[in-house]
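In case you want the letters, here they are:
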Amino acid sequence: MGKLSKEELEKIKSLAEGYKADMTAFLRAIVANPGESSDEAAHVATIKAEMEKVGFDEVKVDPQGNVMGFMGSGKTLIAFDGHIDTVGIGNRDNWNFDPYEGFEDDEEIGGRGVSDQLGGTVSAVYAAKIMKDLGLLNDKYRVMVVGTVQEEDCDGLCWEYIYHEDKIRPEFVVSSEPTDGGLYRGQRGRMEIRIDVKGVSCHGSAPDRGDNAIYKMADILRDVRALNNNGDAESTEIRGLVKMLNPKYNDQWKEARFLGRGTVTASQIFFTSPSRCAVADSCAVSLDRRMTVGETWESCLEEIRELPAVKKYGDDVVVSMYNYDRPSFTGVVYPIECYFPTWVLPEDHKVCTSAVAAYKDLFGDKRIGNAKTTPEREVRPLLDKWTFSTNGVSIMGRNGIPVIGFGPGAEAQAHAPNEITWKKDLVTCAAFYAALPAYYCD
């Protein structure tokens, strides 16, 4: 047995199971109101009220709108992060139930945000209550549960504010993004790139008199596509992004292979033209760039600038990175570049080994779930990574604070119609969160 006795672990699991109805009601109360990025006020109010009801020692909302609850008085601060904003519902016709009224049966809860990722905040709030109920809090650690805002618009912006403006730096952070029953120790990064191309308009009846910006962009996009699709042979004019998995080009290739290769794709296109009877005089595209270990924003911009077609058109092409400056629901504007760094926690890091030990003592060597989800989960590695991006891009990617991921729900439910999560996951995560600090601080 590890840092807690078998009896203590059984008490944690029993109490988490006992709070299942409370967690379910809490989750449905949050979901009942829309909470898209920059409009999370109703979610904040609901979470703040629940934290106060269950007995947090301190509850506050910072100027950006992040809601924080603190429990205990120890010197080591351990944080549990869950973003409380959601994406929109999309086409309502694709939903079989009201995304805000939601639904509930013996196993599942449905509604916008239940997997991505309001359920994680619910489990963390009740985990703190379990720690207090069982006397697990001591002079070694203090826990912080934070419901963060604007993640869907700008991953990690909230933690840039928490770290730099609120002056809070936890020892480590548990991200409660959905993990399908696994422990996640990293993710690829991402950035939002823009390419602008200038042209000269003229009448469409004589296109040779002008300089068509759309045609120039077509040449550039062929090169962008090649950058994504090509191999890394020396003879290849545009060496593909797969090169970062090769020890020859990346000394961090092992972790790059763990996270997966980087990708790039065109996500939006814009143009200007005097009319449908004229040559386009400008064209711009947005690129979604996913980055593996060893890639930086500088290297990603430079590889676009070095594409043959970009160099061919010289000063007519500008490659840049987007910025984000949308105000939060409180009105705070906190500008930042649209760069979300890759991060990965080493397998032998104390946070990682503590999490694995706590999980195995509680639940065994495999991922678990309810009867429906267990078969597809238990064949997957227990220690894995996210395919999408999380607040870890700021917490660990920018600021070097270790992050481990474990959260209720499934990645496949994120941003999807008919989003669901599982009551069993809420209970499992609450128990794990309640046990982990004791393992780390032993």
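Predicted model, so just to flag it, every value in this text is computed and none were measured. (Residues numbered from 1 in each chain as written. Predicted model: local features only at pLDDT ≥ 70, side-chain atom pairs only at ≥ 80, totals over all residues. Heavy atoms only, no water.)

(A) Structural detail: the overall build of the protein chain. Scanning the protein chain from N- to C-terminus turns up 13 helices and 19 strands. C-alpha atoms of the protein chain, sized along the principal axes, occupy 80 × 45 × 45 Å. Within the protein chain, buried positions represent 57% of all 442 residues. Taking as baseline every contact in the protein chain between residues at least 6 positions apart, the subset at least 24 positions apart corresponds to 76%. Of the roughly 18,000 Å² that the protein chain leaves accessible, carbon and sulfur atoms contribute 48%. In the protein chain, 51 positive and 69 negative side-chain charges are present, and the distance between their average locations comes to 3 Å. (Helix = DSSP H or I, 4+ residues; strand = E, 2+ residues; numbered from the N terminus. Buried < 20%, exposed > 50% of the residue type's maximum accessible area, 1.4 Å probe, protein only. Contact = heavy atoms within 4.5 Å. Areas by Shrake-Rupley, 256 points an atom, 1.4 Å probe, with all protein chains shown as cover. Lys, Arg positive; Asp, Glu negative; His and termini not counted. Charge placed at Lys NZ, Arg CZ, Asp CG, Glu CD.)

(B) Summary view of the packing of helix α4 (residues 114–133) against helix α13 (residues 423–440). Remark: α4 packs on α13, axes separated minimally by 8 Å, with the N-to-C direction vectors making an angle of 50°. Taken together, the axes of α4 and α13 are oblique relative to one another. Of the two elements, α4 crosses α13, and the hand of that crossing is right-handed. Contacts from Gly119, Gly120, Ser123, Ala124, Ala127, Ile130 and Met131 in α4 reach Asp425, Leu426, Cys429, Ala430, Tyr433, Ala434 and Pro437 in α13. Grouping the amino acids of the contact of α4 with α13 by side-chain chemistry returns ten nonpolar, three polar and one charged. (Axes fitted to C-alpha atoms, helices over the stretch in contact; angles between N-to-C directions. Parallel < 35°, antiparallel > 145°, perpendicular 65-115°, else oblique. Left-handed = near helix turned anticlockwise from the far one by under 90°. Nonpolar A, V, L, I, M, F, W, Y, C, P; charged D, E, K, R; others polar.)

(C) Quick peek at the pairing of strand β9 (residues 189–198). Relative to strand β11 (residues 282–291), β9 runs antiparallel, the two being bridged by ten bridges. Note that in β11 the partner of Ile195 across the bridge is Val285. With two bridges joining them, β9 and strand β15 (residues 339–340) adopt antiparallel strand pairing. In the sheet register, Arg190 faces β15, and the bridge partner there is Phe340. (Pairing = 2+ DSSP bridges.)

(D) Spatial organisation of the nonpolar core. Judged by nonpolar contacts, the single largest core of 98 residues is most densely connected at Phe56, Phe80, Met131, Met144, Trp159, Phe432 and Tyr433. At 13 residues, the largest contribution of residues to this core is made by α13. In terms of nonpolar packing, the next biggest core, distinct from the first, is built from 28 residues, Met191, Ala226, Val310 and Tyr339 among them. (Core = buried A, V, L, I, M, F, W, Y, C linked by side-chain atoms within 4.5 Å.)

(E) Molecular detail of the environment of Gly400. Summarising the element assignment, Gly400 is placed in the loop between α12 (392–395) and β18 (403–405). Here the alpha-carbon distance between Gly400 and Trp343, two residues 57 residues apart in the chain, equals 9.0 Å. Ignoring sequence-local partners within four residues, the contact set of Gly400 consists of Arg169 and Ile395.

(F) Spatial organisation of the side chain of Arg290. Along the chain, Arg290 turns up in strand β11. Setting aside its immediate chain neighbours within four residues, Arg290 contacts Arg188, Gly189, Arg190, Gly262, Thr263, Glu295 and Ser389.

(G) Region of the structure containing the environment of Gly111. Mapped onto the fold, Gly111 is located in the loop between β5 (108–110) and α4. The class of Gly111 is buried, set by a relative accessible area of 0%. When the C-alpha positions of Gly111 and Glu101 are compared, they lie 7.1 Å apart, and in sequence the two are ten residues distant. Residues in contact with Gly111, not counting those within four places in the same chain, are Val31, Trp95, Phe97, Pro99, Gly102 and Glu419.

(H) Inspection of the UniProt feature "domain: Peptidase M20 dimerisation" (unreviewed entry) in the protein chain at higher detail. Residues given the UniProt feature "domain: Peptidase M20 dimerisation" (unreviewed entry) here are residues 186–308. In residues 186–308, helix accounts for 28% and strand for 26%; the two terminal C-alpha atoms are 33 Å from one another. (UniProt positions renumbered as here; feature names shortened; annotations may be inferred.)

(I) How the structure looks around the domain arrangement of the protein chain. For the protein chain, the assigned domains are domain 1 (6–188 + 342–441) and domain 2 (189–324). Of note, the centres of domain 1 and domain 2, computed from C-alpha atoms alone, are 36 Å apart. A buried area of about 1,300 Å², summed over both sides, lies between domain 1 and domain 2, and 55% of it is on carbon and sulfur atoms. The tally of links from domain 1 across to domain 2 stands at two salt bridges. At the surface where domain 1 touches domain 2, the tally comes to nine residue pairs in polar contact (both at pLDDT 80 or more). Residue assignment for the side of domain 1 that touches domain 2 shows that the elements contributing at least two residues are β8 (183–187), β16 (343–344) and β17 (383–386). For the side of domain 1 that touches domain 2, the residue count by class is six nonpolar, six polar and six charged. (Domains from an automatic or database assignment. Buried area = accessible area lost by both parts, 1.4 Å probe. Salt bridge = Lys/Arg side-chain N within 4 Å of Asp/Glu carboxyl O. Polar contact = N/O pair within 3.5 Å; in protein donor to acceptor, adjacent residues only side chain to side chain.)

(J) Quick look at the side chain of Glu177. Here Glu177 shows up in the loop between β7 (172–175) and β8. The side chain of Glu177 is buried and forms no salt bridge, while Arg190, the nearest opposite charge, is found at 10 Å. A distance of 3.4 Å separates the side chain of Glu177 from the side chain of His83, its partner in a polar contact. With residues up to four places along the chain from it excluded, the contact list for Glu177 reads His83, Asp116, Gln117, Glu151, Trp386, Phe388, Ser389, Thr390, Phe406 and Gly407.

(K) Focus on the state of the cysteines. Scanning the entire structure with this criterion turns up zero disulfides. Of all cysteine sulfurs, the one in Cys202 lies closest to Cys283, which takes part in no disulfide; the gap is 16 Å. Since its relative accessible area comes to 2%, Cys283 is described here as buried. (Disulfide = S-S within 2.5 Å.)

(L) How the structure looks around the sheet that holds strand β19 (residues 420–422). Spatially, β4-β5-β19 is the arrangement adopted by the three strands of the open sheet, whose pairing is antiparallel. Edge strands, defined here as strands with exactly one partner in the open sheet, are β4 (103–104) and β19. Sheet topology places β4 next to β5; two bridges connect them, and they run antiparallel. When the sheet's bridge partners are listed, Phe103 is paired in β5 with Gly110. Where α4 meets the sheet, its contacts fall on β5 and β19, and the angle it forms with β19 comes to roughly 40°. Here α13 sits on the sheet and contacts β4, β5 and β19; the angle it forms with β19, its principal contact strand, is near 55°.

(M) Summary view of the pattern of salt bridges. Under the defined criterion, the tally for this structure stands at 34 salt bridges. For Asp57, the salt bridge identified is with Lys132, shortest N-O distance 3.5 Å. Pair noted here: Asp57 is in the loop between α3 (41–54) and β1 (58–61) and Lys132 is in helix α4, with a separation of 75 residues, a long-range link. By relative accessible area, which is 47% here, Asp57 ends up partly exposed. Judged by its relative accessible area of 39%, Lys132 falls in the partly exposed class. Between Lys311 and Glu306 there is a salt bridge, with the nearest N and O atoms lying 3.3 Å from each other. Here the salt bridges do not stand alone but share partners, grouping Lys243, Arg289, Glu295 and Glu303 into one network.

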